[in-house]
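Residues per chain, in single letters:
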Amino acid sequence: QRNMELNPDLAPRISAYNYFLAALDGTKLPGSIYSSWPLATHADGDTEVHAKHLGHAMPTRNATARSIDSVLAEAGNPKINLVKLDVDGFETDILRGATGLLRDMKPIFVIELAPYVLEERNSSLADLTSLLQSSGYRFYNEENQSPMPPEPAQLQSLVADGESINVIARA
């Protein structure tokens, strides 16, 4: 909401939703997730801190799990051109709930690739790349738009442990 206030020319074209995106509506959520920055002020020792990216464990107790496809269907299936995914390891689950979006609209994705957090969520870079490639997507360097390797091992070699890179995925 604050970003929309800061960008009044864009606000009429933005719909904000407060959901925990997942493969299926009603998915059981973990008790907490790490955010990459503190969402609230905490006293020292008040929250668990991730060992690599230092995000704070934040509770999910009031969150509702929804798939992208069901949220879009409820909104009348608006045309989606661009999706930014920076979800700390939940990318594969979210995209499993976006099969209609991937099939019908083929938006451009800007994705933060962090293989170590995918693995923490029982996924892998191979799972993520397979899912996108089966829908006709290829990866491109965010900075210069050059094609990136399609093989997960080669792609993973570009990302140091505990780090991430932004990539573009286009069909």
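What counts as what
- Residues numbered from 1 in each chain as written.
- Predicted model: local features only at pLDDT ≥ 70, side-chain atom pairs only at ≥ 80, totals over all residues.
- Heavy atoms only, no water.
- Helix = DSSP H or I, 4+ residues; strand = E, 2+ residues; numbered from the N terminus.
- Rg over C-alpha atoms; globule rule 2.2 N^0.38 Å.
- Contact = heavy atoms within 4.5 Å.
- Areas by Shrake-Rupley, 256 points an atom, 1.4 Å probe, with all protein chains shown as cover.
- Lys, Arg positive; Asp, Glu negative; His and termini not counted.
- Charge placed at Lys NZ, Arg CZ, Asp CG, Glu CD.
- Core = buried A, V, L, I, M, F, W, Y, C linked by side-chain atoms within 4.5 Å.
- Buried < 20%, exposed > 50% of the residue type's maximum accessible area, 1.4 Å probe, protein only.
- 1 Å grid on protein atoms, 1.4 Å probe; cavity = no way out; pocket = protein on both sides within 12 Å on 5 of 7 lines; lining within 4 Å.
- Points joined across faces, edges and corners; volume = space filled by probe spheres on them.
- Nonpolar A, V, L, I, M, F, W, Y, C, P; charged D, E, K, R; others polar.
- Salt bridge = Lys/Arg side-chain N within 4 Å of Asp/Glu carboxyl O.
- Pairing = 2+ DSSP bridges.
- Axes fitted to C-alpha atoms, helices over the stretch in contact; angles between N-to-C directions.

Some points on the overall build of the protein
And step 1. Of regular secondary structure, the protein possesses seven helices and eight strands.
And step 2. For the protein, whose C-alpha radius of gyration is 17 Å, the value lies close to the compact-globule estimate of 16 Å for 171 residues.
And step 3. For the protein, the spread of C-alpha atoms along the principal axes amounts to about 45 × 40 × 35 Å.
And step 4. Long-range contacts, defined here as pairs at least 24 residues apart, represent 70% of the contacts in the protein between residues at least 6 apart.
And step 5. Total accessible area computed for the protein in this model is approximately 10,200 Å², and 50% of it derives from carbon and sulfur atoms.
And step 6. With 14 positive and 22 negative side-chain charges, the protein shows a spacing of 7 Å between the two charge centroids.

Comments concerning the nonpolar core
As a rule of thumb, soluble globular proteins bury nonpolar side chains together.
And step 1. In this structure, L101, F109, I111, L132 and F139 are the most contacted members of the largest nonpolar core, which totals 30 residues.
And step 2. Top contributing element to this core by residue count: helix α6 (residues 125-133), with four residues.
And step 3. If we ignore the near neighbours within four places in the chain, the residues touching L132 are L95, L102, I111, Y137, F139 and A169.

Focus on the layout of surface pockets
And step 1. Taken as a whole, the largest pocket encloses approximately 2,100 Å³ of empty space.
And step 2. As for the largest pocket, its lining consists of 46 residues, of which Y17, Y19, L21, K84 and V87 are closest to the centre.
And step 3. If you list the elements that add at least two residues to the lining of the largest pocket, you get β1 (20-21), β2 (32-35), β3 (56-59), α2 (68-74), β5 (82-85) and α5 (115-120).
And step 4. Take the lining of the largest pocket: its biggest share by element is four residues, from β5.
And step 5. A per-class count over the lining of the largest pocket returns 28 nonpolar, ten polar and eight charged.
And step 6. Estimated volume of the second largest pocket: approximately 210 Å³.
And step 7. Lining the second largest pocket, in full, are Q1, R2, N3, M4, N7, L10, I14 and A16.

Examining the pattern of salt bridges
And step 1. Using the criterion set out here, one finds five salt bridges in the structure.
And step 2. When the shortest N-O distance is used, the salt bridge between E74 and R66 registers 3.4 Å.
And step 3. For E74, a relative accessible area of 57% translates into the label exposed.
And step 4. With a relative accessible area of 10%, R66 lands in the buried category.
And step 5. If you follow the salt bridges from partner to partner, you end up with D25, R66 and E74 in one network.

Observations concerning the sheet that holds strand β8 (residues 165-170)
And step 1. Read across the sheet, four strands follow the order β5-β6-β8-β7 without closing on themselves; strand pairing throughout is mixed. On the outer flanks of this sheet lie β5 and β7 (138-141), each paired with one strand and no other. Looking at each pair of strands side by side, their axes are set apart by 25° on average, direction ignored.
And step 2. When strand β6 (residues 108-113) meets β8, the two strands line up antiparallel, connected through five bridges. By the bridge assignment, F109 is partnered in β8 with A169.

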